[in-house]
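A closer look at the structure
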Amino acid sequence: KKGKKKKGEKKEKKKKGKKKGKKGDGGGGDEEEGFKLAPSTFIPGIDEASTNYDEIWKTRDETDNFQQKYDAELIKELKRGEVESEIRVQVDDLMRQELKNLKAALQKDAGKKGGKGSAKKKGKKKDKKGGKKGKKEKDLTPDRTIESLYEELVKEGILVQYPKVKISDFMGEYSYLGTTLRQANIEPMPSLADVRRVTTEYGILPMGSQTVHETSPFIKSLLIAGPHGTGKRMLVNAICSELGANLMDLTAENICGKYPGKAGLTMLLHLVMKVGKLLQPTVVYIGNAEKTFIKKVPKNDMSDPKRLKKELPKIIKKMTAEDRIMFIGTSLTPWDGDVKGMCQVYQKIVLIPRPDYASRYLLFKEVILRMGGRLSATLDLSSLAKISDGYTPGHIVSAVKHVLTERRVQQLARKPLTAAEFVTPLARVDPIYKEEEEQFKKWYAKTPLGKKRAKLKAEDEEGEGGGKGGKGAKGGKKKGKGKKKGKGKKKKGK
């Protein structure tokens, strides 16, 4: 009997082991949820417009209504709702008043005068507390007009002019090798087309409309980082040009010696925010943004770069969705500043890489045509794009300007352009080496978004490794069971 019991137990264990094995083959329990997009705030509006068209206009025959005369019935339907809502408000007010009168009469009858006094005191306390929270800032310039404030900022060089640039002028091609590189476990750098798209989504679209600004994710600040000549300032000018915005320059070198002392700095920031709110949209530009959060200020730097360090986070924190003001910083060497401090001030970070082959090819082609050049069989753009690896858009534009002088443009009919002509001006400039690009990648990995990406990548790798390891473990268990069976047989034989 004991022998039968043991055999029965062994069979049950085997069955359980098989069940566990099947679960393991299924991918380790519950399936992992993939990336899910957040619900859009604009799709409901589009759906509403579509249903409105289907219900009212789709079935209507407008062939005889060439002059597009109004439909009286439609207007009545629309106005009926408006009138009803207006009357409803008035009726509600009357009903509330009636209810108050009834409550007052009941309280008088019941003689609850003590309750009234305590309720009033509580109400006063609540009002006081609410007053403290919703405290408005003091207006330091209540007697001055907006024209005089604007004039002062212009005279001091805070409110500056900018060249008119379209966002489409920031040329760059899409990275078609991105997916291939990811499959080979290599994280690709963003392309110039990605930078243009992200800048449009973060800087131009939300700031262009008050409705969109209030409904879309609230972005108060943006940091654009990249090597020299990649077009950081050009993107700032493009954002301002597309929006028709005012540009306030709070770069350390620009505000040096202006509005001295703590009171002066408070006045400067008050003027910037007051004029910015009254004349929206406004872009507040801070060049060399890393200097504000620099660890050690160089002795030869007399611009007091840390002047705005304490004030910037306070100002950005106070901003609301009604304020169409954006702080945009540019940085050439972001690793010189404190990463934590920079990420507290700048919500979004855009990293501009050196252009890839496709972007360089497009840049040479478009810039040559814009500057009066001609493309011919003698000009090998493919080779030119290949040898210019590491050069930024700024380097390419300056090289084309150097070659296409007025005299050279006049000679194009007799003497077409060749790729060799562009090599000499490019050779005089130092390109962006891989070491500098790696430095940007290391710095970006320390930012919150960089850390999230690294964490997700590590989790994916662990998941892949765990799946392989799990299969090996199962194989090992099976082998072990086989050995035990063999041993049992030998014992029986004995």
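Treat the numbers as computed from the prediction; the structure is a model and nothing was measured.

**Brief notes about the overall build of the protein**
Within the protein, the secondary structure is distributed over 20 helices and six strands. Expressed as a percentage of the 494 residues in the protein, the buried residues total 32%. Taking contacts inside the protein between residues at least 6 apart in sequence as the whole, the part at least 24 apart equals 80%. Here the protein has roughly 34500 Å² of accessible surface; of this, 55% comes from carbon and sulfur atoms.

**Re helix α16 (residues 393–403)**
Buried within α16 are the following residues: Pro 393, His 395, Ile 396, Ala 399, Val 400 and Val 403. Along the axis of α16, the buried residues cluster in a sector spanning 160°; they form a single face. Of the surrounding secondary structure, the elements contacted by the buried residues of α16 are α7 (192–208), α14 (357–370), α17 (406–410) and α18 (420–427).

**Points about the sheet that holds strand β6 (residues 348–351)**
Taking strand neighbours across the sheet as the criterion, the six strands line up as β1-β3-β4-β5-β2-β6 in an open arrangement whose pairing is mixed. The open sheet is flanked by β1 (159–160) and β6, the only strands paired with a single partner. Note: strand β3 (residues 246–249) against strand β4 (residues 282–286), four bridges, orientation parallel. Counterpart to Asn 246 in the pairing with β4 is Thr 282. Packed onto the sheet, helix α11 (residues 261–278) meets β1, β3, β4 and β5 (325–331) and runs at close to 125° relative to β5.

**A short note on the side chain of Ser 303**
You can see Ser 303 is positioned in the loop between β4 and α12 (311–318). Residue class for Ser 303 comes out buried when judged on its relative accessible area of 9%. For Ser 303, the residues in contact, after removing those within four places along its chain, are Ala 252, Glu 253 and Cys 256.

**Observations concerning the pairing of β5**
Counting buried residues along β5, seven of its seven residues qualify, which places the element largely inside the surrounding structure. Alternating positions in β5 separate into two faces, Ile 325, Phe 327, Gly 329 and Ser 331 on one and Met 326, Ile 328 and Thr 330 on the other, with burial throughout. In this structure, strand β2 (residues 221–225) lies alongside β5, joined through five bridges in parallel fashion. Residue Ala 225 lies in a different strand from β5, and its bridge partner there is Ser 331. Regarding the hand of the β-α-β motif, the stretch spanning β4, α12 and β5 is right-handed.

**As for the packing of aromatic side chains**
This structure, assessed with the given rule, holds four aromatic pairs. Here the basic side chain of Arg 233 rests over the ring of Tyr 285, its NZ or CZ set 4.4 Å away from the ring centre.

**So, the packing of α7 against helix α9 (residues 232–243)**
It is the contact of α7 with α9, at a shortest axis distance of 10 Å, that shows an interaxial angle of 35°. Judged by the sense of rotation from one axis to the other, the crossing of α7 with α9 is right-handed. Residue-level contacts link Val 195, Thr 199, Gly 203, Ile 204, Met 207 and Gly 208 of α7 to Leu 235, Ile 239, Glu 242 and Leu 243 of α9.

**Brief notes about a nonpolar patch on the surface**
On the surface, Val 83, Ile 87, Val 91 and Met 95 cluster together into a nonpolar patch covering about 360 Å² of accessible area. As for its placement among the helices and strands, Met 95 is situated in helix α3 (residues 72–110). For Met 95, a relative accessible area of 56% gives the class exposed.

**A word on a positive patch on the surface**
On the surface, Lys 262, Lys 306, Lys 309, Lys 310 and Lys 314 cluster together into a patch of positive charge. Structurally, Lys 309 can be placed in the loop between β4 and α12. Taking the relative accessible area as the measure of exposure, Lys 309 reaches 33% and is therefore partly exposed.

**Things to note about the environment of Asp 139**
Structurally, the position occupied by Asp 139 is in the loop between α4 (113–133) and α5 (146–155). The exposure class assigned to Asp 139 is partly exposed, which follows from its relative accessible area of 39%. Between the C-alpha atom of Asp 139 and that of Lys 274, which follows or precedes it by 135 residues, the distance is 8.8 Å. If we skip the residues at most four places from it in the chain, Asp 139 touches His 270 and Lys 274.

About the thresholds
Residues numbered from 1 in each chain as written. Predicted model: local features only at pLDDT ≥ 70, side-chain atom pairs only at ≥ 80, totals over all residues. Heavy atoms only, no water. Helix = DSSP H or I, 4+ residues; strand = E, 2+ residues; numbered from the N terminus. Buried < 20%, exposed > 50% of the residue type's maximum accessible area, 1.4 Å probe, protein only. Contact = heavy atoms within 4.5 Å. Areas by Shrake-Rupley, 256 points an atom, 1.4 Å probe, with all protein chains shown as cover. Arc of directions from axis to C-beta. Pairing = 2+ DSSP bridges. Axes fitted to C-alpha atoms, helices over the stretch in contact; angles between N-to-C directions. Right-handed = clockwise from strand over helix to strand, strands pointing away. Phe/Tyr/Trp six-rings, centres within 6.5 Å; stacked < 30°, edge-to-face > 60°. Lys NZ or Arg CZ within 6 Å of the ring centre and 35° of its normal. Left-handed = near helix turned anticlockwise from the far one by under 90°. Patch = residues over 30% accessible without salt bridge, like charges linked within 9 Å, V, L, I, M, F, W, Y side chains within 5 Å. Salt bridge = Lys/Arg side-chain N within 4 Å of Asp/Glu carboxyl O. Lys, Arg positive; Asp, Glu negative; His and termini not counted. Charge placed at Lys NZ, Arg CZ, Asp CG, Glu CD.

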